[in-house]
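Observations on the three-dimensional arrangement
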Amino acid sequence: MVYFFTITTLAINSILLFIIPLKLTRQELYTTWLAVTLNALLADLIFGHVLDLYDLMDPGPQPFDLFIEITLPATFGILYVNYMPESRKKFLLYLLFWAGFSVCYEVLSSYFGYVVYKGWQVWWSALYYIGACLYMRWHFRFMRKERKPL
């Protein structure tokens, strides 16, 4: 089931990225892809492997897991950045939506066996996703060289 779940999610996200109007340049797509992928890989390396708080599928690195790690989070990240609102008030609601959605998706991933908790608490994920979303807001503004405060 884990393969069906992850590939289906990746296929849906990929289709969405091809049919929605993208507001990002090719350079922004590329750097966002890299930033999200690096963030996901580092988080899973530190929390999953070094601290051993969870596994992704089976213990230890797996080729399929690596493929999912460099593709799936980035598709979510691009969707997030593409529709990110400018105003702080709208962004706060947007941030809360995406953090909540991300936690729900992670719990669903656990149900299908992609994430296997070994000490990790789900509420820690909410904090992580809030931080990751704030980082991506900064990242996007840095790319666009906006001088407005966060």
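Details of the structure are given in the entry above.
Model, not experiment: these values are computed from the prediction.

From N to C terminus, the chain includes 5 helices and 2 strands. When the helices and strands of the chain are listed from N to C terminus, the series reads α-α-β-α-α-β-α. In terms of its C-alpha atoms, the chain occupies a principal-axis envelope of roughly 45 × 30 × 20 Å. A total of 150 residues make up the chain; the buried ones form 41% of that total. Taking as baseline every contact in the chain between residues at least 6 positions apart, the subset at least 24 positions apart corresponds to 78%. Of the accessible surface of the chain, which amounts to about 9000 Å², a share of 74% is contributed by carbon and sulfur atoms. Measuring between centres, the 12 positive side-chain charges of the chain sit 20 Å from its 10 negative side-chain charges.

Here the focus is the nonpolar core. Grouped together as the largest cluster of nonpolar side chains are 32 residues, with contacts concentrated most on Tyr 80, Val 81, Met 84, Trp 98 and Tyr 114. Of all the elements, helix α3 (residues 63–82) adds the most residues to this core, at 8 residues. Residues in contact with Met 84, not counting those within four places in the same chain, are Phe 91, Tyr 94, Met 136, Arg 137 and Phe 140.

We describe a pair of aromatic rings using the distance from one ring centre to the other and the angle between the two ring planes. Applying the stated criterion to the full structure yields 21 aromatic pairs. Ring centres of Phe 5 and Tyr 105 lie 5.3 Å apart, and the angle between their planes is 25°; on these two criteria the pair is classed as stacked. Taken together, the residues Phe 5 in helix α1 (residues 2–19) and Tyr 105 in helix α4 (residues 88–111) connect sequence positions 100 residues apart. Across the pair, Tyr 105 and Phe 5 agree in class, each one buried.

A few words on α3. Since the α-helix advances by 3.6 residues per turn, residues separated by three or four positions end up pointing in the same direction. Taking 1.5 Å per residue, 20 residues should reach 28 Å; α3 reaches 29 Å between its end C-alpha atoms and fits that length. α3 sits mainly inside the fold: 15 of its 20 residues count as buried.

Here Tyr 128 lies in helix α5 (residues 122–144). Exposure remark for Tyr 128: the relative accessible area of 26% places this residue in the partly exposed category. Through-space distance from the C-alpha of Tyr 128 to that of Val 103 is 9.7 Å; in sequence the pair is 25 residues apart.

Cut-offs used in this document
- Residues numbered from 1 in each chain as written.
- Predicted model: local features only at pLDDT ≥ 70, side-chain atom pairs only at ≥ 80, totals over all residues.
- Heavy atoms only, no water.
- Helix = DSSP H or I, 4+ residues; strand = E, 2+ residues; numbered from the N terminus.
- Buried < 20%, exposed > 50% of the residue type's maximum accessible area, 1.4 Å probe, protein only.
- Contact = heavy atoms within 4.5 Å.
- Areas by Shrake-Rupley, 256 points an atom, 1.4 Å probe, with all protein chains shown as cover.
- Lys, Arg positive; Asp, Glu negative; His and termini not counted.
- Charge placed at Lys NZ, Arg CZ, Asp CG, Glu CD.
- Core = buried A, V, L, I, M, F, W, Y, C linked by side-chain atoms within 4.5 Å.
- Phe/Tyr/Trp six-rings, centres within 6.5 Å; stacked < 30°, edge-to-face > 60°.
- Expected span 1.5 Å × (residues − 1).

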